Amino acid sequence: MRIARFTTGDDPAYGIVQGDPGAEVITPLTGDPLYVGLQPSGAGPVLLEDVRLLAPVIPRSKIVAVGKNYADHVREMGGTTPPEHPMLFFKPNTAVVGPFDPVVLPQGSDEVSYEGELAVVIKTITKGVKAENAAECIYGYTIANDVTARDWQRTDGQWARAKGFDTSCPLGPWIETELDPADLRITTTLDGEVKQDGTTADMVHGVARIIEYASNAFTLLPGDVILTGTPAGVGLVQPGQQVTIDVEGIGSLTNTFVRR
């Protein structure tokens, strides 16, 4: 099931996306289905092409991201061995934007990079869960771009500013609630040219392991988002360029980079 957050010019709403590509419709829901369940609002369906899609979730609490979770990405960044345990960091919820929203290149950074990733949306209060039970805590999956200021990443020594600046976490286009994350193709294009082409099967630490490890340290709350790492092929973007990330079984997330 695909659950979208959208607007037709009024307040944001949630809905179920159905139909074949090019003819999708959204059936509006009452409230946030993460908290109130799937309750149709009674309003008639609207064409997907007539709405503006928003980020499918704004984390109430946090975005937990995993660094260096693909061996090929570790090597391209100058490393040799992936971390023994998931390397965790946070992005603030103020970093989130939606499909087709602009990503604003931050003043003072000249090396901003895209990172296409599978993202996990947490369903329940999750603390100390074991990997074998992690699926019970997952609401669904979406696509993320873990935008990174590489020069700030090098000079700061920690990643809060480099990966947490405003608009550095595009999410979308919707949440897919029925998906097996074990072997999904991830591709990223820059102005139509393929830059990343990987599979979640190559993740060093899988989704269940990440949830176990993270929830052992801190409580995950409903709506929290986990970014699971990026395959090789990351690169720099310039103002005016467009990045599209496709994840098998979900769809695509497109954003244009701008300088203000």
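Conventions and cut-offs
Residues numbered from 1 in each chain as written. Predicted model: local features only at pLDDT ≥ 70, side-chain atom pairs only at ≥ 80, totals over all residues. Heavy atoms only, no water. Salt bridge = Lys/Arg side-chain N within 4 Å of Asp/Glu carboxyl O. Helix = DSSP H or I, 4+ residues; strand = E, 2+ residues; numbered from the N terminus. Buried < 20%, exposed > 50% of the residue type's maximum accessible area, 1.4 Å probe, protein only. Phe/Tyr/Trp six-rings, centres within 6.5 Å; stacked < 30°, edge-to-face > 60°. Pairing = 2+ DSSP bridges. Axes fitted to C-alpha atoms, helices over the stretch in contact; angles between N-to-C directions. 1 Å grid on protein atoms, 1.4 Å probe; cavity = no way out; pocket = protein on both sides within 12 Å on 5 of 7 lines; lining within 4 Å. Points joined across faces, edges and corners; volume = space filled by probe spheres on them. Nonpolar A, V, L, I, M, F, W, Y, C, P; charged D, E, K, R; others polar.

1. Brief notes about the pattern of salt bridges
Next up, step 1: All chains considered together, the criterion is met by 12 salt bridges.
Next up, step 2: The salt bridge partner of Glu115 is Lys163, with a shortest N-O separation of 3.4 Å. One end of the pair, Glu115, is in the loop between strand S10 (112–113) and strand S11 (116–122); the other, Lys163, is in helix H4 (residues 160–164), and 48 residues separate them in sequence. Here the two residues Glu115 and Lys163 agree in accessibility, since each one is buried.
Next up, step 3: Across the pair Lys195 and Glu193 runs a salt bridge whose closest N-O atoms are separated by 3.5 Å.
Next up, step 4: You can call Lys195 partly exposed: its relative accessible area is 33%.
Next up, step 5: Connected through shared salt-bridge partners, Lys91, Glu115, Asp146, Arg150 and Lys163 make up one network.

2. A few points about the packing of aromatic side chains
Next up, step 1: Per the stated rule, a full pass over the model turns up 3 aromatic pairs.
Next up, step 2: Their ring planes at 70° and their centres at 5.1 Å tell us that Phe89 and Trp159 sit as a pair that is edge-to-face. With a gap of 70 residues between them, Phe89 in strand S7 (residues 87–91) and Trp159 in the loop between helix H3 (150–156) and H4 connect regions that are remote in the sequence. Assigned by exposure class, Phe89 and Trp159 land together as buried.
Next up, step 3: The interplanar angle of 50° and the centroid separation of 5.2 Å between the aromatic rings of Phe90 and Phe218 together place this pair among those described as tilted. Linking Phe90 in strand S7 with Phe218 in the loop between helix H5 (207–217) and strand S17 (225–227), this pair joins segments that are 128 residues apart in sequence.

3. Observations regarding the sheet that holds strand S18 (residues 242–247)
Next up, step 1: Spatially, the 5 strands line up as an open sheet ordered S9-S19-S18-S15-S16, and their pairing is mixed. This sheet does not close on itself; its edge strands, each paired only once, are strand S9 (103–105) and strand S16 (193–199). Each strand of the sheet is rotated relative to its neighbour by a mean of 20°, with strand direction disregarded.
Next up, step 2: As paired strands, strand S15 (residues 185–190) and S16 are joined by 6 bridges and run antiparallel to one another. Pairing of Thr188 across the sheet is with Gln196, part of S16.

4. Notes on the pairing of strand S6 (residues 63–67)
Next up, step 1: Most of S6 sits out of view: 5 of its 5 residues are buried.
Next up, step 2: Both faces of S6 are covered, namely the face carrying Ile63, Ala65 and Gly67 and the face carrying Val64 and Val66.
Next up, step 3: As paired strands, S6 and S7 are joined by 5 bridges and run antiparallel to one another. Directly across from Val66, in S7, lies its bridge partner Leu88.
Next up, step 4: As paired elements, S6 and S17 share 3 bridges and run parallel to each other.

5. Description of the layout of surface pockets
A probe as big as a water molecule, rolled over the atoms, marks out the empty space that is left.
Next up, step 1: The volume enclosed by the largest pocket comes to roughly 210 Å³.
Next up, step 2: Every element with two or more residues in the lining of the largest pocket is listed here: S6 and H3.
Next up, step 3: At 3 residues, H3 tops the list of elements feeding residues into the lining of the largest pocket.
Next up, step 4: Here the lining of the largest pocket is built from residues that sort into 4 nonpolar, 5 polar and 7 charged.

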